[in-house]
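Working through the structure, step by step
This is what each chain is made of:
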Amino acid sequence: MTIFEQLSNPNITLNDTEKKIVDYILQNYDHLGTIKSISDELFMSPNTIVRLCKKLGYTGFSELKYTILQNQSQQNIDPSNNYDIKEVFDYTLSINSLDKIRLAAKTIFDCNQLVIFSLGLSHIVALDLLKKLVHLNKVVFAPDDRDCCKLYANNLQEGQVAMILSLSGNTDIMKNITYTAKAKDIPIVTLTGWGQNSVATLGDVNLFAFYNKLSVNNYDVSSRLGLYILTELIFQEYLKLYYRNEE
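This text gives an overview of the structure that appears in the document.

Rules used throughout
- Per chain, the residues get numbers from 1 upward, laid out in the order the sequence is written.
- With pLDDT at 70 or above as the cut-off, local features in this predicted model cover only qualifying residues; side-chain atom pairs require 80 or more to be listed or tallied, and sums for whole chains, interfaces and linings still use all residues.
- Note that the side-chain values use all heavy atoms of the structure and ignore hydrogens as well as water.
- Axes, fitted as lines to C-alpha atoms, cover a helix only where it is in contact. Angles between the N-to-C directions of the axes lie from 0 to 180 degrees.
- Numbering of helices and strands runs from the N terminus; a helix is a DSSP stretch of H or I covering at least four residues, while a strand is a stretch of E covering at least two.
- When describing relative orientation, an angle under 35 degrees is termed roughly parallel and one over 145 degrees roughly antiparallel, while 65 to 115 degrees is termed roughly perpendicular and anything else oblique.
- By definition, any crossing whose near helix is turned counterclockwise from its far helix by less than a right angle is left-handed, and any crossing with a clockwise turn is right-handed.
- By definition in these notes, contact holds between two residues if any of their heavy atoms fall within 4.5 Å.
- Only Asp, Glu, Lys and Arg are considered charged in this grouping, and only Ala, Val, Leu, Ile, Met, Phe, Trp, Tyr, Cys and Pro are considered nonpolar; every other residue, Gly among them, is considered polar.
- Aromatic rings from Phe, Tyr and Trp, with only the six-membered ring used for Trp, were paired whenever their centres fell within 6.5 Å, and each pair was classed as stacked if the ring planes differed by under 30 degrees, edge-to-face if by over 60, and tilted otherwise.
- With a 1.4 Å probe rolled over the protein chains alone, any residue whose accessible area is under 20% of its type maximum counts as buried; one over 50% counts as exposed, and the rest are partly exposed.
- To count toward a patch, a residue needs a relative accessible area over 30% and no salt bridge; like charges are then connected within 9 Å, while nonpolar side chains (Val, Leu, Ile, Met, Phe, Trp, Tyr) are connected within 5 Å.
- For every accessible area listed, the method is Shrake-Rupley and the probe measures 1.4 Å; residues are considered covered only by the protein chains on display.
- A carboxyl oxygen of Asp or Glu within 4 Å of a side-chain nitrogen of Lys or Arg is what we treat as a salt bridge.
- For two strands to be treated as a pair, DSSP must find no fewer than two bridges joining them.
- By this rule the span expected of a helix is its residue count minus one, scaled by 1.5 Å.
- This arc is built from the directions going out from the helix axis to the C-beta atoms.
- Pairing of N or O atoms within 3.5 Å defines a polar contact, subject to two protein rules: one partner must be a possible hydrogen donor and the other a possible acceptor, and residues neighboring in sequence count only if both atoms are side-chain atoms.

Put simply, helix α8 (residues 122–134) and helix α12 (residues 225–246) touch, their axes get as near as 10 Å, and they point 15 degrees apart. One element, α8, and the other, α12, form an angle in the roughly parallel class. Taken as a pair, α8 and α12 cross one another with a handedness that is right-handed. Packed against α8, whose contacting residues are S122, I124, V125, D128, L129, K132 and L133, the element α12 presents L227, Y228, T231, E232, F235 and Y238 at the interface. Taken together, the residues of the contact of α8 with α12 break down into eight nonpolar, two polar and three charged.

In the structure shown here, the tally under the stated rule is four aromatic pairs. With a centroid separation of 4.7 Å and an interplanar angle of 15 degrees, the aromatic rings of Y91 and F210 are classed as stacked. Of this pair, Y91 sits in helix α6 (residues 85–94) while F210 is found in the loop between β5 (205–209) and β6 (215–216), placing the two residues 119 residues apart along the sequence. With relative accessibility at 2%, the residue F210 sits in the buried group. Ring centres of Y242 and Y243 lie 5.4 Å apart, and the angle between their planes is 75 degrees; this geometry places the pair in the edge-to-face category. The exposure class assigned to Y242 is buried, which follows from its relative accessible area of 16%.

Below, the discussion takes up a nonpolar patch on the surface. A grouping of V216, Y219 and V221 is seen on the molecular surface, where their side chains present a nonpolar patch of about 250 Å² in accessible area. Here V216 lies in strand β6.

A large share of β5 lies buried, amounting to five of its five residues. Burial along β5 is two-sided: V205, L207 and A209 facing one way and N206 and F208 facing the other are all buried. The pairing of strand β4 (residues 188–193) with β5 spans five bridges and is classified as parallel. Of the residues in β5, the one forming a bridge with V189 is V205.

As a further point, take helix α2 (residues 16–27). Between its first and last C-alpha, α2 extends 16 Å over 12 residues, near the 16 Å set by a 1.5 Å rise per residue. Every buried residue of α2 is accounted for by E18, I21, V22, Y24 and I25. Taken down its axis, α2 places every buried residue within 160 degrees of arc, on the same side. Opposite the buried face of α2, at more than 90 degrees from it, the exposed residues are D16 and Q27. With a side-chain oxygen positioned 3.1 Å from the backbone nitrogen of T17, the residue opening α2 is N15.

For the rest of this paragraph, the subject is the pattern of salt bridges. When the charged atoms of two side chains with opposite charge come close together, those side chains can pair. Applying the stated criterion across every chain yields a total of 10 salt bridges. When the shortest N-O distance is used, the salt bridge between E18 and K55 registers 3.0 Å. Taken as a pair, E18 in helix α2 and K55 in helix α4 (residues 46–55) lie far apart in primary sequence, 37 residues in all. What makes E18 buried here is its relative accessible area of 10%. For K55, a relative accessible area of 37% translates into the label partly exposed. Note that D110 is salt-bridged to K106, the shortest N-O span being 2.6 Å. Of this pair, D110 and K106 both sit in helix α7 (residues 98–110), four residues apart, which is roughly one turn of that helix. Residues joined by salt bridges that share partners form a network here, namely R102, E237 and K240.

Set out below in structure tokens:
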């Protein structure tokens, strides 16, 4: 959902201060600065801006700004432009805490079996993590099509952890799998693209990847680099737990 769609929500009423912030955002849509630079320019506290962001349905200014960046990339994508790997890396690190990454690793380490649910290009990321964890004697499954994903989800049981890898976090199959895992009281670790999505709202440990949406001939070819970064960070923390346990 874009900020324009949020602002058109008839259930949201803005006061004069909030309207001033919105006007500034719309006028500087293409080059938003930091929350401090905006608050200084508007002569108001950063908390005022944060409260507006939450009123609009975002977790804070970072998510609102990321959504704007994502909307720009979707509307103005030029495949001939160089892909900025550093941007993906920096943004992905900035929107995830080390504590959350460690919690994801600990959740996986403590379970008997890990089931990674993913489809399309995200499944390649899942297989990479699977092979690394298997070398450390962790039992891991990664069903590779929609029917298998549904089957594994329906058979989830105590002692297992469900990991959901989905950039959009809003596909019907991934939402249904997450609902099923939640209903079974199975711990859920989600890795999704940054922004509001159904999968992350149901997860117990939620990590987010920065990405630029790209499609070619109506086929999603968006980079999964952000997901790779997250799975690698999780694996590195998992390794620490593994070796600590071996001592």
